[in-house]
Amino acid sequence: MDLLKKKIQDEGKVLSESVLKVDSFLNHQIDPILMQKIGEEFAARFADAGITKILTIESSGIAPATMTGLVLGVPVIFARKRKSLTLTDHLYSAEVYSFTKKETSEISVSKDFITSDDVVLMMDDFLANGQAALGLLSIAEQAKAKVAGVGIVIEKGFQNGSSQIRERGFNVESLAIIESLADGQVTFKEEVVS
Ligand code: G4P
Ligand code: NA
Ligand code: NA
């Protein structure tokens, strides 16, 4: 998605060889027009998937997921992160380990909002090692919902998240795939047009 790549080149800050800061439009301040275009793009890519729900994680997945839900006309659920759960009866939950933060958190979704009748699109702002997306997939599995695929705004192609997800047989659509953050430069993966 050229508009997104341009925004990343113009406003993204390369903090290290593995971390890109995009606080000015995605992770802190949000650019609503860009989010709208992102929503339209995901809706087009998953137009024929029969999606009934979108599932993301708080907090930065919510903006792009909501815009996609608006275009597709379906509800958006965000998994909640919490340190410890006391009442797990009415929740689907999964443990998510963050290699970046070196901590495990538990994510959970109420059983009220995803059922075996649903076709769910997973979404997130970043895909790094894929642990968050795998947690969302586990929740969809627990609900016996059908998985339409995974929609990612920015994929770090040099980490193994997308292969982890594809190995499990799921389609991953990433709007921008970063090949490298070496030398303070963002280099995108060339798109293969089929
Ligand atoms: P993983 O789920 O793919 O394995 O990723 P990881 O544990 O490494 O990511 C932990 C958090 O860091 C996630 O946000 C993720 O979106 C974010 N993240 C990972 N790599 C980058 C990066 O290069 N740049 C930025 N800006 N964020 C990155 P989170 O803690 O869930 O926070 P939020 O959703 O509230 O923003
Ligand atoms: Na995130
Ligand atoms: Na984030």
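Definitions and cut-offs
Residues numbered from 1 in each chain as written. Chains lettered and ligands numbered in written order. Predicted model: local features only at pLDDT ≥ 70, side-chain atom pairs only at ≥ 80, totals over all residues. Heavy atoms only, no water. UniProt positions renumbered as here; feature names shortened; annotations may be inferred. Helix = DSSP H or I, 4+ residues; strand = E, 2+ residues; numbered from the N terminus. Buried < 20%, exposed > 50% of the residue type's maximum accessible area, 1.4 Å probe, protein only. Contact = heavy atoms within 4.5 Å. Polar contact = N/O pair within 3.5 Å; in protein donor to acceptor, adjacent residues only side chain to side chain. Near = heavy atom within 4 Å. Areas by Shrake-Rupley, 256 points an atom, 1.4 Å probe, with all protein chains shown as cover. Pairing = 2+ DSSP bridges. Axes fitted to C-alpha atoms, helices over the stretch in contact; angles between N-to-C directions. Salt bridge = Lys/Arg side-chain N within 4 Å of Asp/Glu carboxyl O.

The name an unreviewed UniProt entry assigns to the protein is Xanthine phosphoribosyltransferase, from the organism Oceanobacillus longus. Listed under Function (unreviewed entry) in UniProt, the entry text for the protein is "Converts the preformed base xanthine, a product of nucleic acid breakdown, to xanthosine 5'-monophosphate (XMP), so it can be reused for RNA or DNA synthesis." Among the UniProt annotations of the protein, the heading Catalytic activity (unreviewed entry) holds the following wording: "XMP + diphosphate = xanthine + 5-phospho-alpha-D-ribose 1-diphosphate".

Trainee: So, the UniProt feature "binding site: 5-phospho-alpha-D-ribose 1-diphosphate" (unreviewed entry) in the protein: which residues are in play, and what are the values?
Mentor: Those residues carrying the UniProt feature "binding site: 5-phospho-alpha-D-ribose 1-diphosphate" (unreviewed entry) are Ala128, Asn129, Gly130, Gln131 and Ala132 in this numbering. Within the fold, Asn129 resides in the loop between strand S7 (119-127) and helix H5 (131-142). By relative accessible area, which is 16% here, Asn129 ends up buried. When neighbours within four sequence positions are excluded, Asn129 is seen to be in contact with Phe99, Gln159, Asn160, Gly161 and Gln164.

Trainee: Summarise helix H4 (residues 62-72); cite the residues concerned and give the values.
Mentor: When we look at burial in H4, the residues that qualify are Ala63, Pro64, Ala65, Thr68 and Gly69. Turning to H4, the residues buried within the fold contact helix H2 (23-27), helix H3 (32-45), strand S3 (53-57), strand S4 (76-82), S7 and strand S8 (146-156).

Trainee: I'd like a rundown of unusual backbone geometry, residues and numbers included.
Mentor: Cis geometry marks the peptide bond from Glu58 to Ser59, where omega comes out at -5 degrees. Mapped onto the secondary structure, Ser59 falls in the loop between S3 and H4. Phi angles above zero are rare outside glycine, and Asp183 is one such case at about 55 degrees. Given the relative accessible area of 73%, Asp183 is considered exposed.

Trainee: Explain the UniProt feature "binding site: xanthine" (unreviewed entry) in the protein residue by residue, including any values.
Mentor: Mapped onto this numbering, the UniProt entry annotates "binding site: xanthine" (unreviewed entry) at Leu20, Asn27 and Lys156. In this structure, Asn27 sits in helix H2. Setting aside residues up to four positions removed in sequence, Asn27 forms contacts with Val22, Ser60, Asp125 and Phe126. With respect to the secondary-structure elements, Lys156 resides in strand S8. Other than its neighbours up to four places away in sequence, Lys156 contacts Ser18, Phe126, Leu127, Ala128 and Ile178. From its side chain, Lys156 meets the backbone oxygen of Ser18 in a polar contact 2.8 Å long.

Trainee: Which residues make up the site of ligand 1, and what values go with them?
Mentor: With respect to spatial proximity, 20 residues lie near ligand 1, and among them Leu20, Ser59, Ser60, Thr100 and Lys101 are the closest. Contact distances for ligand 1 include 2.6 Å between an oxygen atom and a side-chain N or O atom of Ser59. Interatomic distance of 2.6 Å between a side-chain N/O atom of Lys101 and an oxygen atom of ligand 1. Calculation on ligand 1 without its partners gives an accessible area of 730 Å², and the protein chains cover 84% of this total.

Trainee: Break down the sheet that holds S4 for me, citing the residues and quoting the values.
Mentor: Ordered in space as S5-S6-S4-S3-S7-S8-S9-S10, the eight strands form an open sheet in which the pairing is mixed. The outermost strands of the open sheet, each flanked by one partner alone, are strand S5 (91-98) and strand S10 (187-188). With six bridges joining them, S8 and strand S9 (residues 172-180) adopt parallel strand pairing. When the bridges of S9 are listed, Ile152 appears paired with Ser174. Here H3 sits on the sheet in contact with S7, S8 and S9, set at roughly 120 degrees to S9. Contacts between H5 and the sheet are confined to S3, S4, S5, strand S6 (103-110), S7 and S8, with S5 contributing the most and set at about 160 degrees to the helix.

Trainee: Account for the pattern of salt bridges, naming residues and giving values.
Mentor: A side chain of one charge can pair with a side chain of the opposite charge if their charged atoms are brought near each other. Tallied over the entire structure, the rule returns seven salt bridges. Among the ionic pairs, Lys7 bridges to Glu11, the shortest N-O distance being 3.0 Å. Linking Lys7 with Glu11, this pair stays in helix H1 (residues 2-11), spanning four residues, or about one helical turn. For Lys21, the salt bridge identified is with Asp23, shortest N-O distance 3.7 Å. A relative accessible area of 36% means that Lys21 is categorised as partly exposed. Look at Asp23 and you get partly exposed, because its relative accessible area is 28%. Look at the salt bridges and you will find they share partners, linking Lys7, Glu11 and Asp31 into a network.

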